[in-house]
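Residues per chain are reported as follows:
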Amino acid sequence: TCATSHAISVSQDPFSVVVLPQESFDGGTAPERLVVSHLRNGEVYVLEASDGGAARYSVAATQDLPDGTNSVAVRPDSDPARRTLYVSHRFSNSVSTFRLIGDFLSPPASTRLVQTGSVSIRNPAGGLDTRGIAFNPAGTRAFVADRSPSSIVSLDTTLDSNGFETNRIVDVVAVGLGPASVTYVAGTAGARDLLYVPCFYSDEVWVLDADLFTVTTVIQVGAGPYTFALAPDKKRGYVANFRDSTVSVLDLDPASPTVHRAISVIKAP
C-alpha cells in the first residue's frame, strides 16, 4: 500500500514518463530523475529522488509549453551533458528539445530544464499531432509518429559542430491511421533492426525496417492499439488495445512459421 507521504503532486493529465539514467560525477552519483509530460496543459516536470531513491520525489524543474505534450524520449549519448530530451505535442506538428543543466549531485539540486530547440515535423502533406518517439541505439536517428497525415518521420539527430542535434528530416513513410507509439527493436544474430508502430484507428501494428525505412509487414491486432512492449528474449511482443480492453500477443521469432502474427489475445474473463 502506498503511503500518502509518497504521493507526488504534478499537474493535470500526466501522460508519459521516462527515467533518466543515473550518472556519476566527481566520485558521486546523481539522484534518480523522472521526466513527466502532461497531455492537457503542455507542462513538462522533472522529478528528483529526494532521499536516496526510496520512492520519495520532489519537483526539480518544470517547463510550460503552449501545446499539450505527449511522449518523452531521451536521445542516447555517452556524455550526460549531451543527453537531450525530445517531447512531442498533441496540438502541433513539432517536437521540442530540452537539456538538463545544473548541479546533478546533491539533492535538492539546482536543476533547470532548458529548451534547446523546436523541430518542425511538417511534411509536404501537412502535419499535426506528433506522438511516440524512438531512437536507434547510437542516437543518430529519431523516429517520430505523426498523426496528420499518418506517418513515421525519420530525423537525423547526429551532432553538429556546436554539439547540438542536426534534427533534419531524412524521410517520411506512410503508415496506418493514427500511429500512436514507436518502439525500436535492435536485431540479433544478423536480423534487421525493426520499428513497431501501433496504429490506433486502423487496428494494426505496422513493422518497418529501421535502416531501409520501408514497411515490411502489417499485423492485425485488437481495437485501438496504442502501446507496444517487448519480451526480454525479443520473441514476443505485447500490444495494449485501448478500445476493446485487450492485449494482443505477437510472435516475433524469425524462425517461427507464425512470425509477425497475433497468436493470442489476453482479456478479462
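Scroll up to find the structure this text is about.
Residues numbered from 1 in each chain as written. Predicted model: local features only at pLDDT ≥ 70, side-chain atom pairs only at ≥ 80, totals over all residues. Heavy atoms only, no water.

Chemist: For this particular structure, what's the right way to read the sheet that holds strand E5 (residues 43–49)?
Modeler: Across a sheet, paired strands are connected by hydrogen bonds in the backbone, their directions being either parallel or antiparallel. Taken together, four strands build an open sheet; the order of strands is E1-E4-E5-E6 and the sheet is antiparallel. In this open sheet, the two edge strands, each paired with only one partner strand, are strand E1 (14–20) and strand E6 (57–64). Going from strand to strand, the sheet's axes swing by 20° on average, the running direction of each strand aside. (Pairing = 2+ DSSP bridges. Helix = DSSP H or I, 4+ residues; strand = E, 2+ residues; numbered from the N terminus. Axes fitted to C-alpha atoms, helices over the stretch in contact; angles between N-to-C directions.)

Chemist: Explain the side chain of Ser181 here, please?
Modeler: Within the fold, Ser181 resides in the loop between strand E14 (168–174) and strand E15 (183–185). From its side chain, Ser181 meets the backbone oxygen of Tyr226 in a polar contact 2.7 Å long. If sequence neighbours within four positions are ignored, Ser181 has contacts with Gly132, Tyr196, Val197, Pro198, Tyr226, Thr227 and Phe228. (Polar contact = N/O pair within 3.5 Å; in protein donor to acceptor, adjacent residues only side chain to side chain. Contact = heavy atoms within 4.5 Å.)

Chemist: Sorry if this is basic, but what is going on with the nonpolar core here?
Modeler: Note on soluble globular proteins: their nonpolar side chains tend to be buried together. Judged by nonpolar contacts, the single largest core of 15 residues is most densely connected at Phe143, Ile152, Val182, Leu195, Val197, Leu208 and Phe213. Taken together, the elements giving at least two residues each to this core come down to strand E12 (141–148), strand E16 (194–199) and strand E17 (204–209). Broken down by element, the residue count for this core peaks at three residues, all from E16. Each residue touching Val182, except ones within four places of it in the same chain, is listed here: Gly132, Ile133, Ala134, Phe143, Ala145, Ile152, Leu195, Tyr196 and Val197. Of all hydrophobic cores here, the second largest spans 13 residues; its members include Leu20, Val72, Leu100 and Leu113. (Core = buried A, V, L, I, M, F, W, Y, C linked by side-chain atoms within 4.5 Å. Buried < 20%, exposed > 50% of the residue type's maximum accessible area, 1.4 Å probe, protein only.)

Chemist: Explain the sheet that holds E12 here, please?
Modeler: Taken in spatial order, the four strands make up an open sheet running E11-E12-E13-E14, and their pairing is antiparallel. Strand pairing shows two members of the sheet lacking a second neighbour, strand E11 (128–135) and E14, which therefore form its edges. Strand-to-strand twist in this sheet, taken as the mean axis angle between neighbours without regard to direction, amounts to 25°. In terms of strand pairing, E12 meets strand E13 (residues 150–156) through seven bridges, oriented antiparallel. In the sheet register, Val144 faces E13, and the bridge partner there is Val153.

Chemist: What is the right way to read the environment of Ile152 from this model?
Modeler: With respect to the helices and strands, Ile152 occurs in strand E13. What Ile152 contacts, discounting residues up to four positions off in sequence, is Phe143, Val144, Ala145, Asp171, Val172, Val173, Val175, Pro179, Val182, Val197, Leu208 and Phe213.

Chemist: Hey, could you run me through the pattern of salt bridges in this one?
Modeler: Close approach of charged atoms allows side chains of opposite charge to pair. Per the counting criterion, the structure on display carries 13 salt bridges. The closest approach of N and O atoms between Asp79 and Arg82, which form a salt bridge, is 3.7 Å. In this structure, the salt-bridge partner of Arg168 is Asp156, at a minimum N-O distance of 3.5 Å. Of this pair, Arg168 sits in strand E14 while Asp156 sits in strand E13, placing them twelve residues apart in sequence. Take Asp156: its relative accessible area is 10%, and that puts it in the buried class. Overlapping salt bridges bring together Arg75, Asp77, Asp79, Arg82, Arg99 and Glu165 as one network. (Salt bridge = Lys/Arg side-chain N within 4 Å of Asp/Glu carboxyl O.)

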